[in-house]
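Single-letter residue listing:
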Amino acid sequence: MTDVTGAPADVLHTLFHSDQGGHEQVVLCQDRASGLKAVIAIHSTALGPALGGTRFYPYATESEAVADALNLARGMSYKNAMAGLDHGGGKAVIIGHPERDKTEELLLAYGRMVASLGGRYVTACDVGTYVADMDVVARECRWTTGRSPENGGAGDSSVLTAFGVYQGMRASAQHLWGDPSLRGRKVGIAGVGKVGHHLVKHLRDEGAEVVITDVRVDAVQRIVEQYPVGVTAVATTEDLIRVEGLDIYAPCALGGALNDDSVPVLTARVVCGAANNQLAHPGVEKDLADRGILYAPDYVVNAGGVIQVADELHGFDFDRCRAKAAKIFDTTLAIFARAKEDGIPPAAAADRIAEQRMADARATLVAH
């Protein structure tokens with residue numbers, strides 16, 4: 001079923017009528033010469049210009065791409081609010097296979113699309129896009145972060161993303177076991193790509209035992225060769241979540257990792273990972289709580305990257321960013337405390353805190 005514009009009716013219902021909607025603007029972008037098809041979703045600019053990465057992914061349908069952009073943009077509003085940034089939430093998705101369809105011409109066309117928004121949306125890297133891509137986009141768009149140091153940028157934001165997730169793990173350990181140390185803990189990481197491989201290093205440096213999996217065999221092999229001691233691999237995520245004695249599970253690939261199939265068999269006591277939108281649906285957070293599994297909200301612990309790219313807009317300083325990302329430890333502990341106080345799951349507590357900050361900002365805007 002479609003509406004008068006030809007867009008799937010369910011997408012428009014999500015945008016205008018559901019609790020998952022409320023977006024300020026959604027832009028459908030097309031450049032036939034380069035083959036660009038993209039969606040830019042701006043959820044909120046209450047705290048400042050919307051900030052969020054560009055995902056390059058071979059979506060099965062255009063409506064799936066729009067739905068993903070809507071979900072990701074909304075998540076960025078909450079992430080930026082909880083990270084204490086003066087930015088709202090936005091996200092862009094480019095429809096296509098990054099290894100087959102990505103060209104310089106396409107990225108330049110995409111840069112022109114972002115530039116046409118006049119600074120309402122600031123873009124960066126995400127799944128399927130890299131620092132070199134942002135350097136190309138920046139040739140057409142000044143509102144581009146995640147660029148290379150050679151081009152005035154901060155470089156790879158996955159470094160601080162991993163550091164923030166590591167701080168979230170330490171906070172989870174402090175809350176659950178009374179000690180932030182991860183030495184001797186068994187941590188399972190699903191996805192050892194841009195963020196996951198940095199996370200492995202933090203954990204091994206502290207003496208944690210790490211179990212990994214990834215759909216790319218070469219990525220797994222590279223980690224196992226780099227860490228011949230203390231790192232083992234399993235074939236699939238389904239195997240990983242069933243590993244006996246797992247203390248922490250870290251989903252670091254695509255979203256939806258926590259669902260009706262995975263939660264009942266998960267052996268870990270803590271879930272803390274870099275992937276966005278880990279909860280497949282709102283009821284999953286209660287399922288985790290009912291099983292006594294502590295969930296560190298994804299958009300809180302994986303905010304290190306967005307802290308880094310936001311800083312780039314003001315003249316990047318790595319030490320300043322690392323100090324901000326280190327505060328994810330305190331933020332995560334505060335969320336666990338709020339959850340206990342209000343008798344709600346941590347994800348709901350984080351939402352309440354983020355929503356209050358956005359509401360206060362909107363009230364201030366109206367007052368002025």
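Here the structure is a predicted model, which is why all the values come from computation and not from measurement. (Residues numbered from 1 in each chain as written. Predicted model: local features only at pLDDT ≥ 70, side-chain atom pairs only at ≥ 80, totals over all residues. Heavy atoms only, no water.)

**What to know about the pattern of salt bridges**
Applicable threshold: What counts as a salt bridge is simple: a side-chain nitrogen of Lys or Arg found within 4 Å of a carboxyl oxygen of Asp or Glu. Only runs of H or I of at least four residues qualify as helices and only runs of E of at least two qualify as strands under DSSP, and these elements are numbered from the N terminus. Burial classes follow relative accessibility: with a 1.4 Å probe on protein chains only, a residue under 20% of its type's maximum area counts as buried, one over 50% as exposed, and anything between as partly exposed.
Considering all chains together, one arrives at 19 salt bridges under this definition. The salt bridge partner of Asp-68 is Arg-55, with a shortest N-O separation of 3.7 Å. In this pair, Asp-68 sits in helix α2 (residues 62-82) while Arg-55 sits in strand β4 (residues 54-57), placing the two residues 13 residues apart along the sequence. The exposure classification of Asp-68 matches that of Arg-55, with both residues buried.

**Description of the packing of aromatic side chains**
Short version of the rule: Here is the rule: rings of Phe, Tyr and Trp (six-membered ring for Trp) pair when centre to centre is within 6.5 Å. Planes less than 30 degrees apart are stacked, more than 60 are edge-to-face, and the remainder are tilted. By definition, being over a ring means that NZ of Lys or CZ of Arg is both within 6 Å of the ring centre and within 35 degrees of the ring normal.
Across all of its chains, the model carries three aromatic pairs by this definition. Ring plane angle 70° and centroid distance 5.8 Å describe the contact between Tyr-78 and Tyr-299, whose orientation is recorded as edge-to-face. Of this pair, Tyr-78 sits in helix α2 while Tyr-299 sits in helix α11 (residues 298-301), and the two are 221 residues apart along the sequence. The residues Tyr-78 and Tyr-299 share a single accessibility class, namely buried. Geometry around Trp-177 places Arg-185 over its ring, the cationic atom sitting 3.8 Å from the centre. Looking at Arg-322, its charged tip hangs above the ring of Phe-163, at a distance of 4.0 Å from the centre.

**Observations regarding the packing of helix α6 (residues 158-177) against helix α14 (residues 328-342)**
Put simply, the rule reads: To get an axis, a line is fitted to the C-alpha atoms, and for a helix only the part in contact is used. The angle between two axes follows their N-to-C directions and goes from 0 to 180 degrees. For this classification, under 35 degrees means roughly parallel, over 145 means roughly antiparallel, 65 to 115 means roughly perpendicular, and everything else is oblique. Take the far helix as the reference: if the near one is turned anticlockwise from it by less than a right angle, the crossing is left-handed, and if turned clockwise, right-handed. Any two residues having at least one pair of non-hydrogen atoms within 4.5 Å are treated as being in contact.
Contact pair α6 / α14: the axes reach a minimum separation of 8 Å and the direction vectors enclose 40°. It follows from the interaxial angle that α6 and α14 lie oblique. You can see that α6 and α14 cross each other, and the crossing is right-handed. Of the residues in α14, those in contact with Gly-164, Gln-167, Gly-168, Arg-170, Ala-171, Ser-172, Gln-174 and His-175 of α6 are Ile-328, Phe-329, Thr-332, Leu-333 and Phe-336.

**Quick word on the sheet that holds strand β10 (residues 248-251)**
What counts, and what does not: Here a strand pair is declared whenever DSSP counts at least two bridges between the two strands.
Pairing within the open sheet is parallel, and its six strands lie in the order β9-β8-β7-β10-β11-β12. Edge positions in the open sheet fall to β9 (231-233) and β12 (294-295), since each of these has one partner strand only. In this fold helix α8 (residues 217-226) packs onto β8 (209-213) and β9, with an angle of close to 160° to the strand it touches most, β8.

**Observations regarding the state of the cysteines**
Put simply, the rule is: In what follows, a disulfide is any cysteine sulfur pair within 2.5 Å.
Applying the stated criterion to the full structure yields zero disulfides. Looking at the unpaired Cys-141, the closest cysteine sulfur is the one in Cys-29, lying at 11 Å.

**Focus: unusual backbone geometry**
Within the chain, Asn-277 stands out as a residue other than glycine whose phi angle is a positive 50°. Here Asn-277 is to be found in the loop between β11 (270-271) and α10 (284-290).

**Re the packing of helix α13 (residues 318-326) against α14**
Defined as follows: Just so you know the grouping, Ala, Val, Leu, Ile, Met, Phe, Trp, Tyr, Cys and Pro go in nonpolar, Asp, Glu, Lys and Arg go in charged, and all remaining residues, Gly too, go in polar.
In the contact formed by α13 and α14, the axes pass within 5 Å of each other and the chain directions differ by 20°. Overall, the two elements α13 and α14 adopt an arrangement that is roughly parallel. On α14, the residues touching Lys-324, Ala-325 and Ala-326 of α13 are Ile-328, Phe-329 and Asp-330. Across the contact of α13 with α14, the residue classes break down as four nonpolar, no polar and two charged.

**Some details on the environment of Val-270**
With respect to the secondary-structure elements, Val-270 resides in strand β11. With 21 residues separating them along the chain, Val-270 and Tyr-249 place their C-alpha atoms 6.2 Å apart. When near neighbours in sequence (up to four residues on either side) are disregarded, Val-270 contacts Ser-172, Leu-176, Trp-177, Asp-247, Ile-248, Tyr-249, Ile-293 and Leu-294.

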